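# Close look at the chain arrangement
As a plain string of letters, each chain reads:
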Amino acid sequence: MTFINKKILVVCSIFYFLSIQISAQLNLIPYPNSVEIHENTLEVKKLKVKYDSELKNEFEALQKLMSEFDIEVTASKNANIELLLEENQFDKLGNEGYNLEINNKKIQITAAKPAGVFYSLQTLLQLPSITKANSISFPCVSIQDKPAFKWRAFMLDESRHFKGKEVVFDMLDQMSKLKMNIFHWHLTDDQGWRIEIKKYPLLTEIGGKRSDTQINGVKSEERSGEPHSGFYTQKEIKEVIEYAQKKHITIIPEIEMPGHASAAIAAYPWLGTLEEPIEVPVTFGILPNIYNVTNDRVYTFIEDVLQEVIDLFPSKIIHIGGDEVKFGQWKNNKEVSDYMAKNNLNTFSDVQISFTNKVSNFIESKGYRMMGWNDILGENLHSWREGEETAEENNQKLAESAIVHFWKGSKELMLSAINKGHDVVNSTHNYTYLDYDFNSIPLEKAYGFNPIPEGIDVSLENKVIGLGCQMWSEWIPKVEDLYRQVFPRIAAYAEVGWTLNEHKDFNRFQENLNTVKTNWENTPYYTQNSKNPDYVNVVFNVNMNGSPYFKDIEGGKEFLMLAGTFTNSNSGAKEFWHSNGVTLTDYDYDGIYTGRRLVPKNSKIEFILLKSPDGSWDEHVKILADSSCKNTSSNNNYTIQIKETNLNIDFKAGHCLN
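The structure displayed is predicted, hence computed values, not measured ones.

### Focus on unusual backbone geometry
- Look at the link from Ile 29 to Pro 30: it is a cis peptide, with omega at -5°.
- Position of Pro 30 among the secondary structure elements: in the loop between α1 (3–23) and β1 (35–44).
- With an omega of -5°, the peptide bond running from Met 257 to Pro 258 counts as cis.
- The residue Pro 258 is located in the loop between β15 (250–254) and α8 (262–267) in this model.
- Phi at Asn 602 takes a positive value of approximately 55°, unusual for a residue other than glycine.
- Tracing the chain through its elements places Asn 602 in the loop between β25 (592–600) and β26 (603–612).

Right, here's the structure in full:
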């Protein structure tokens, strides 16, 4: 090799190394799949936009996004940003891909479909830095990007705890900023029916209310002592759908059947196998109430309900649940036994598959497609069904068109579903359930999830259409509980869904989390209540570094909580906050755990730091405070007097509060 060639090689190597270093400085979540960074920057005081007529929604989105930087956005032929549709790019970019080019003169965005333009704007929003007042600077980049998976979902269960449309609007905002495109809306279950069905008004009048709610775990005898209710009118459903459509988010409604049906049966007892009156349950867990699938009137009810749901939702997919069906009421029913004999059904799994296929046929007749949890395949997934029939005994086969939502079972079961021709969404529970604590699913584990199972034939990989992350709401009664569990893990799932597995980098992702944290800090719960003159916002920062209690701590893998009481100085009333304490999260893996709580002004707060080694509070460990420390109460809790302004409380575990 000549000296000149060696010199060129060294220069190229240095340039390649620098390009990697520069790329790492782009604070983007989810990270694009192809990034090239150039030397210059583009500084603008005003964005003048030229856009294709089909992109009016995206232009308005850009106006709203840039208002956060106080940058005016106007339409102009003399543009410094262009939004362009190029249909001939579809084979390369698909529905959601885009090209983003920024040079020192202008920004150009091209995509085959409006969704691609919209997603490019989410990338653009994360790029600028503020250089001076009324001016922002963009790095000059070339980004060619499209998602790894077409199904990138967040599920919210509102049956167990109803949150309301403002919270849903906010979650749609958060999803869109992370390029998530499916909002899976769990609207019915045992503990509540949350969608208005005009032909059956008792579903919400009776099924939408319960008298009390279990707290502190599924085995607990404790109750909240308060009724819980709420539902969405069809008008409100339409508002949410319209809002989501502007963000290119498809809403998939879930209407549970044939199990998880207690709320519906409470409203109309003839729906149940026992046909006996029941109340909407106040406890959680897997309950026995199940539709009577031998009754033609029940099928009429289901078709009527699904027709109203189909008339509302343009998603072309209806999720019917189908999970955790207890067969006990069927086993003890002569009508079901006669029905099985008449229809040549060998097992109770066959009964469920036969029922599911009837529902699928109806849904398909309307131009829609059925989806359900992977229990609908007829496999025995649950320990409480030990000794019952196996799949080999079943003589019914699930309709091939059904989308199988995999949440439980072995890799072999998923591969079996794929080999049978089913499209699969992978939501394996021990990787994607947001109700699981941070000890069970730390951030790194969430980020490391790969929806495509090992060992699958390359030709079948496209049958895994994506992933979902699920926020089951049994134990999240308050909005702050929801946000505590969702953030920051939702960002990890967003990058899993968008960024190709070979392009993922957990260290980079950790560094980039700061770009989206501000979005979470401005959620409606906090912004609305922060304006409440009777409350202040208390932020707790717990430094675990060097703590004798956490010598083996490894970023975010311990589950920490602050618990205690508030005492109102005026009334003397106490609010105990053990079960709904402040969960502390190490967002940055730097050993600093952060959490916050809104508390009444002019009140006294007592708190103690607890850790749970296994995520269960049955065996929690009290690690603070020490009686020798100042600011401790008689029971060795720390005491702080809340004043008129927001407060940061910083302390190091195992040491006295400063």
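### Describing the packing of helix α5 (residues 165–177) against helix α16 (residues 479–486)
- α16 packs onto α5 with a crossing angle of 20° between their chain directions and a minimal axis gap of 12 Å. Comparing their axes, α16 and α5 come out roughly parallel. Pair α5 / α16 crosses with right-handed handedness. Across the interface between the two elements, Val 167, Asp 170 and Met 171 from α5 touch Val 479, Leu 482, Tyr 483 and Val 486 from α16.
- Grouping the amino acids of the contact of α5 with α16 by side-chain chemistry returns six nonpolar, no polar and one charged.

### A look at the confidence of the model for the protein
- Here the protein averages 88 in pLDDT, and 89% of its residues register 70 or above.
- Counted against residues more than four places away or in other chains, residues 1–24, with its pLDDT under 50, gives eight contacts.
- Predicted confidence for residues 552–557 stays below pLDDT 50, and this span has 15 contacts to residues more than four positions away or in other chains.

### Observations concerning the environment of Asp 338
- Within the element layout of this structure, Asp 338 appears in helix α11 (residues 334–342).
- Asp 338 sits 44 residues away from Thr 294 along the chain, and the two C-alpha atoms are 9.1 Å apart.

### Looking at the pairing of strand β10 (residues 182–186)
- For β10, the buried fraction is high: five of the five residues fall into the buried class.
- Across the two faces of β10 the burial is the same, with Ile 182, His 184 and His 186 and Phe 183 and Trp 185 all buried.
- As paired elements, strand β9 (residues 151–157) and β10 share five bridges and run parallel to each other. Directly across from Met 155, in β10, lies its bridge partner His 184.
- With five bridges joining them, β10 and β15 adopt parallel strand pairing. Looking at β15, one finds that Phe 183 is bridged to Ile 251.

### Remarks on the sheet that holds strand β21 (residues 535–543)
- Strands sit in the order β25-β21-β29 across an open sheet of three strands; the sheet is mixed. Of all the strands in the sheet, just β25 and β29 (647–652) have a single pairing partner and so form its edges. In this sheet, neighbouring strand axes are inclined to one another by 20° on average, regardless of whether the strands run parallel or antiparallel.
- The sheet contact formed by β21 and β25 spans nine bridges and is antiparallel. The partner of Phe 540 across the bridge, within β25, is Gly 595.

### Side note on the pattern of salt bridges
- Tallied over the full model, the rule gives 18 salt bridges.
- Arg 160 serves as the salt-bridge partner of Asp 189, at 3.3 Å between the closest nitrogen and oxygen. Taken together, the positions of Asp 189 in strand β11 (residues 188–189) and Arg 160 in the loop between β9 and α5 put the pair 29 residues apart, joining distant regions of the chain. Accessibility assignment for this pair places Asp 189 and Arg 160 in one class, buried.
- One salt bridge connects Lys 334 with Asp 338, and the closest N-O pair in it is separated by 2.9 Å. Here Lys 334 and its partner Asp 338 are both found in helix α11, four residues apart, which amounts to about one turn of the helix.
- Judged by its relative accessible area of 42%, Asp 338 is partly exposed.
- Connected via shared salt-bridge partners are Asp 157, Arg 160, Asp 189 and Glu 474.

### Here we look at the nonpolar core
- Phe 154, Phe 183, Trp 185, Trp 193, Leu 203, Tyr 291 and Phe 313 are the most contacted members of the largest nonpolar core, which has 109 residues in total.
- Looking at this core element by element, the count peaks at nine residues for helix α9 (residues 296–312).
- By size, the runner-up hydrophobic cluster in this structure holds 39 residues, among which are Tyr 31, Leu 47, Leu 62 and Leu 121.

### Quick notes on the packing of aromatic side chains
- Applying the stated criterion across every chain yields a total of 31 aromatic pairs.
- Residues Tyr 200 and Phe 301 carry aromatic rings whose centres are separated by 4.8 Å and whose planes lie at 70° to one another, so their mutual orientation is edge-to-face. Taken together, the positions of Tyr 200 in the loop between β12 (192–193) and α6 (202–205) and Phe 301 in helix α9 put the pair 101 residues apart, joining distant regions of the chain. Like Tyr 200, the residue Phe 301 is buried in the burial classification.
- By way of ring pairs, the aromatic residues Phe 154, Phe 162, Phe 183, Trp 185 and Tyr 232 are connected into one cluster.
- When the ring centre of Trp 498 is taken as reference, the NZ or CZ atom of Lys 179 above it lies at 5.5 Å.
- A cation over an aromatic ring shows up here: Arg 297 above the ring of Trp 270, its NZ or CZ 3.7 Å from the ring centre.

### What about the packing of α11 against helix α12 (residues 348–365)?
- Orientation of α11 relative to α12, taken along the N-to-C sense of each, is 75°, at an axis distance of 11 Å. Considering their axes alone, α11 and α12 lie roughly perpendicular with respect to each other. Two secondary-structure elements touch here, α11 through Val 336, Tyr 339 and Met 340 and α12 through Phe 348, Val 351, Ser 354 and Lys 358.

### Side note on α11
- Val 336, Tyr 339 and Met 340 are the residues of α11 that are buried. Buried positions in α11, seen along its axis, are confined to an arc of 100° and lie on one side of it. Turned more than 90 degrees off the buried face of α11, the exposed positions are Lys 334, Ala 341 and Lys 342.
- Tucked into the core, α11 has its buried residues touching α9, α10 (328–331) and α12.
- At the N-terminal boundary of α11, the capping side chain belongs to Asn 333, with an oxygen 2.9 Å from the backbone nitrogen of Glu 335.
- With its phi angle positive at about 55°, Asn 344 sits one or two positions after the end of α11.

### Some points on helix α7 (residues 234–246)
- End to end, α7 covers 19 Å across 13 residues, agreeing with the expected 18 Å (1.5 Å per residue, within 8%).
- Along α7, the residues that are buried comprise Gln 234, Ile 237, Val 240, Ile 241 and Ala 244. Projected onto a plane normal to the axis of α7, the buried residues spread over an arc of 115° and lie on a single side. Of the exposed residues in α7, the ones pointing more than 90 degrees away from its buried face are Lys 235 and Lys 238.
- Just downstream of α7 lies His 248, where phi reads positive at about 55°.

Reading the values: the criteria
- Residues numbered from 1 in each chain as written.
- Predicted model: local features only at pLDDT ≥ 70, side-chain atom pairs only at ≥ 80, totals over all residues.
- Heavy atoms only, no water.
- Helix = DSSP H or I, 4+ residues; strand = E, 2+ residues; numbered from the N terminus.
- Axes fitted to C-alpha atoms, helices over the stretch in contact; angles between N-to-C directions.
- Parallel < 35°, antiparallel > 145°, perpendicular 65-115°, else oblique.
- Left-handed = near helix turned anticlockwise from the far one by under 90°.
- Contact = heavy atoms within 4.5 Å.
- Nonpolar A, V, L, I, M, F, W, Y, C, P; charged D, E, K, R; others polar.
- pLDDT = per-residue confidence, 0-100.
- Buried < 20%, exposed > 50% of the residue type's maximum accessible area, 1.4 Å probe, protein only.
- Pairing = 2+ DSSP bridges.
- Salt bridge = Lys/Arg side-chain N within 4 Å of Asp/Glu carboxyl O.
- Core = buried A, V, L, I, M, F, W, Y, C linked by side-chain atoms within 4.5 Å.
- Phe/Tyr/Trp six-rings, centres within 6.5 Å; stacked < 30°, edge-to-face > 60°.
- Lys NZ or Arg CZ within 6 Å of the ring centre and 35° of its normal.
- Arc of directions from axis to C-beta.
- Polar contact = N/O pair within 3.5 Å; in protein donor to acceptor, adjacent residues only side chain to side chain.
- Expected span 1.5 Å × (residues − 1).

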